[in-house]
Amino acid sequence: MIEVANRLKHVEEYYFSKKLREVAFLKSQGKPIINLGIGSPDLLPPSNAVLQLKEGLEDDGANKYQSYQGLPELREEIANFYKKRYKVNLSGKTEILPLLGSKEGIMHISMAFLNKGDKVLVPNPGYPTYTSVTKLLGAKPIFYDLKEDNNWLPDFIALERMNLSKVKIMWINYPHMPTGANAPNKFYDEVIAFGKRHNILIVNDNPYSFVLNDRPISIMRYNNAKQVCLELNSLSKTFNMSGWRVGMLVGNYEYLSAVLKVKSNMDSGMFYGIQKGAIEALKCSDMWFVSLNSVYEQRRELIWELVSKLNCTHDKYATGMFVWAKLPPKVKSEEFTDLILKKYSIFIAPGTVFGSNGEGYVRFSLCAPEVTIKEAIARL
Ligand SMILES: Cc1ncc(COP(=O)(O)O)c(C=O)c1O
């Protein structure tokens, strides 16, 4: 056997990649699995976007390698989207880099800015990829606490007390996954000042701003953001296009050029038809957001019912595509989710997947039709 690289010794296979294999096995054994574990939108993308993708197949050159920076029309439409939806001015020529989903951006940004031994501030709880990518590159994740009693926001006094000398990047993600917490204006000003003071690149991962959230915010709206911040965004959840793989990175030209240096050596541009579809999706009117959210709102009501049937509690002001529920005292997240899977064939995510501060919580996805959630309620 050929030995794998040392870097793989420090990372585990992604929890959901492993768990979904187990869930698929249970399904193959005839178990009537209800999957409320993952956030893969089951609703369809905007119909005009699908049409444009299909028509794009016939266009001249659709089969060819595409630009590393995406079609200029796509970048312009992203700029229009940012202007209309976040009141942020970006140059489509220099301040926008389309990506194959925002997940790949986490790797590209990290490769562009981290050296071995650098440190990275990672939210606990938070999206697990920040940690695994950091470790894959031989850098060190330094977890900063997010706690319910501080509304899942970082404690800047505690951050200032840390040894920040080798910290190069800080990941933030509001609206926050998995808790659904939102950040106030004051937070963005504070985090930008923190980044400037310590010369830390602040990266806001922002894929959930349009799901059950009436206050979409881009960090780029705040003073000095372009000096120390980048923002990742995605069409995966906003337009139900997670499998199409469309994301973007926005920020100042110098930072984006560094990321492009990495990206252009790793992929060869996004499929043309998908870019055409994405352009169309970005043009959607307010009605798209209203109808998307009315579906999620009804589902969330049902999930809340399920949550109370399980003697858990939730924050009714939380946003996003998940319900983050608190377990009764002393109940362990993974034991609980394993039990629910075994006893009721319902798959939900244990909070510990997102870090140690997720202990005592579980996460329910809203990516299942009402009838399925009702079936889950009935089983309990
Ligand atoms: C916080 C967060 N960031 C990034 C992503 C990646 O999204 P995508 O690569 O589909 O844009 C996800 C996906 O679940 C997420 O929850």
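This structure is a prediction, so every number in the text was calculated from the model and none was measured. (Residues numbered from 1 in each chain as written. Predicted model: local features only at pLDDT ≥ 70, side-chain atom pairs only at ≥ 80, totals over all residues. Heavy atoms only, no water.)

Engineer: For this particular structure, what's the right way to read the site of the ligand?
Structural biologist: Lining the immediate environment of the ligand, one finds 14 residues, of which Asp-205, Tyr-208, Ser-234, Ser-236 and Arg-245 sit closest. Here Tyr-208 contributes a side-chain N or O atom positioned 2.7 Å from an oxygen atom of the ligand. Summarising the interface, the protein chains cover 91% of the accessible area of the ligand, which totals 400 Å² for the free molecule. Its residues assigned to classes, the shell around the ligand comprises five nonpolar, five polar and four charged. (Near = heavy atom within 4 Å. Polar contact = N/O pair within 3.5 Å; in protein donor to acceptor, adjacent residues only side chain to side chain. Areas by Shrake-Rupley, 256 points an atom, 1.4 Å probe, with all protein chains shown as cover. Nonpolar A, V, L, I, M, F, W, Y, C, P; charged D, E, K, R; others polar.)

Engineer: I'm lost on the pattern of salt bridges in this one. Help?
Structural biologist: For side chains bearing opposite charge, pairing can occur when the charged atoms are close. All told, the structure shown has 14 salt bridges when counted by the stated rule. Measuring nitrogen to oxygen at the nearest pair gives 2.8 Å for the salt bridge that ties Arg-85 to Asp-286. Of this pair, Arg-85 sits in helix H3 (residues 72-86) while Asp-286 sits in helix H11 (residues 286-309); the two residues are 201 residues apart in sequence, bridging distant segments of the chain. You can call Arg-85 buried: its relative accessible area is 16%. Close ionic contact of Lys-263 with Asp-267 constitutes a salt bridge, the shortest N to O distance being 2.7 Å. Note on Lys-263: relative accessible area 2%, which makes it buried. The class of Asp-267 is buried, set by a relative accessible area of 12%. One network of salt bridges, with partners in common, ties together Lys-19, Glu-22 and Asp-338. (Salt bridge = Lys/Arg side-chain N within 4 Å of Asp/Glu carboxyl O. Helix = DSSP H or I, 4+ residues; strand = E, 2+ residues; numbered from the N terminus. Buried < 20%, exposed > 50% of the residue type's maximum accessible area, 1.4 Å probe, protein only.)

Engineer: Where do I start with the domain arrangement of the protein chain in this structure?
Structural biologist: Interfaces are often sized by the amount of accessible area the parts lose when they come together. Domains assigned within the protein chain are domain 1 (6-44 + 286-379) and domain 2 (59-282). The distance between the C-alpha centroids of domain 1 and domain 2 comes to 25 Å. Contacts between the two partners involve 34 residues from domain 1, matched on the other side by 35 residues from domain 2. When domain 1 packs against domain 2, the two sides together hide about 2,900 Å² of surface, and 58% of this comes from carbon and sulfur. Across the domain 1-domain 2 interface, the total number found is two salt bridges. For the salt bridge of Lys-326 with Glu-148, the shortest nitrogen-to-oxygen distance reads 3.3 Å. Seen at the junction of domain 1 and domain 2, the total is 15 residue pairs in polar contact (both at pLDDT 80 or more). Listed by contribution, the elements that provide at least two residues to the side of domain 1 that touches domain 2 are H11, strand S10 (322-326) and strand S13 (361-365). (Domains from an automatic or database assignment. Contact = heavy atoms within 4.5 Å. Buried area = accessible area lost by both parts, 1.4 Å probe.)

Engineer: Any chance you could explain the packing of aromatic side chains here in plain terms?
Structural biologist: Where two aromatic rings form a pair, the distance of their centres and the angle of their planes describe that pair. Summed over all chains, the structure comprises 24 aromatic pairs. Seen from their ring centres, Tyr-15 and Phe-16 are 5.2 Å apart, and the 85° between their planes marks the pair as edge-to-face. Of the two residues examined, Tyr-15 and Phe-16, each falls in the buried class. Aromatic ring contacts, followed pair by pair, group Tyr-15, Phe-16, Trp-152, Trp-324, Phe-347, Phe-354 and Tyr-361 into a single cluster. (Phe/Tyr/Trp six-rings, centres within 6.5 Å; stacked < 30°, edge-to-face > 60°.)

Engineer: Just checking my understanding: could you explain helix H4 (residues 102-113) for this structure?
Structural biologist: Each turn of an α-helix holds 3.6 residues, which means side chains three or four residues apart point in the same direction. Here H4 spans 17 Å end to end across twelve residues, near enough to the 16 Å set by a 1.5 Å rise per residue. Within the span of H4, buried status applies to Ser-102, Glu-104, Gly-105, Ile-106, His-108, Ile-109, Ser-110 and Phe-113. (Expected span 1.5 Å × (residues − 1).)

Engineer: Just checking my understanding: could you explain the UniProt feature "domain: Aminotransferase class I/classII large" (unreviewed entry) in the protein chain for this structure?
Structural biologist: When the UniProt feature table is mapped onto this chain, "domain: Aminotransferase class I/classII large" (unreviewed entry) is found at residues 32-380. Strand forms 16% of residues 32-380 and helix 40%; the C-alpha atoms that close the span are 14 Å apart. (UniProt positions renumbered as here; feature names shortened; annotations may be inferred.)

Engineer: Would you mind going over the sheet that holds strand S7 (residues 229-234) with me for this structure?
Structural biologist: Hydrogen bonds between backbone atoms are what pair the strands of a sheet, whose relative direction is either parallel or antiparallel. Taken in spatial order, the seven strands of this open sheet run S2-S8-S7-S6-S5-S3-S4, and their pairing is mixed. Of all the strands in the sheet, the pair left with one neighbour each is strand S2 (96-99) and strand S4 (140-145). Shown here is a sheet whose adjacent strand axes are inclined to one another by a mean of 25°, direction ignored. Its contacts with the sheet put H3 on S2, S7 and strand S8 (247-251), and the angle it makes with S2 is roughly 110°. (Pairing = 2+ DSSP bridges. Axes fitted to C-alpha atoms, helices over the stretch in contact; angles between N-to-C directions.)

Engineer: Please clarify how the side chain of Thr-337 should be interpreted in this entry.
Structural biologist: With respect to the helices and strands, Thr-337 occurs in helix H12 (residues 333-344). On the accessibility criterion, Thr-337 (3% relative accessible area) is buried.

Engineer: Could you clarify how one ought to interpret the environment of Lys-342 in this entry?
Structural biologist: Here Lys-342 is to be found in helix H12. Note on Lys-342: relative accessible area 70%, which makes it exposed.

Engineer: I keep staring at the state of the cysteines and nothing clicks. Help me out?
Structural biologist: Note on terminology: disulfide describes a covalent bond linking the sulfur atoms of two cysteines. If you walk through the whole model with that rule in mind, you get zero disulfides. Unpaired in this structure, Cys-312 has its nearest cysteine sulfur neighbour in Cys-367, at a distance of 19 Å. (Disulfide = S-S within 2.5 Å.)

Engineer: It is not clear to me how the nonpolar core should be interpreted in this structure. Could you clarify?
Structural biologist: Most often, soluble globular proteins keep nonpolar side chains buried together rather than apart. The biggest cluster of nonpolar side chains holds 126 residues, and the ones touching the most others in it are Leu-36, Ile-109, Leu-121, Met-170, Trp-171, Phe-239 and Phe-364. For this core, the leading source of residues is H11, giving nine residues. In this structure, this core is formed jointly by two domains, domain 1 (6-44 + 286-379) and domain 2 (59-282), each of which donates at least three residues. Not counting the four nearest positions on each side in its chain, Phe-364 is found in contact with Leu-36, Ile-303, Leu-306, Val-307, Leu-310, Met-321, Phe-322, Val-323, Ala-325 and Ile-348. (Core = buried A, V, L, I, M, F, W, Y, C linked by side-chain atoms within 4.5 Å.)

Engineer: Sorry if this is basic, but what is going on with the sheet that holds strand S9 (residues 313-314) here?
Structural biologist: Judged by pairing direction, the sheet is antiparallel, and its four strands sit side by side in the order S9-S10-S13-S12 without closing on themselves. In this open sheet, the two edge strands, each paired with only one partner strand, are S9 and strand S12 (349-350). Direction of pairing for S10 relative to S13: antiparallel, over a ladder of five bridges. Paired with Lys-326 across the strands is Tyr-361, a residue of S13.

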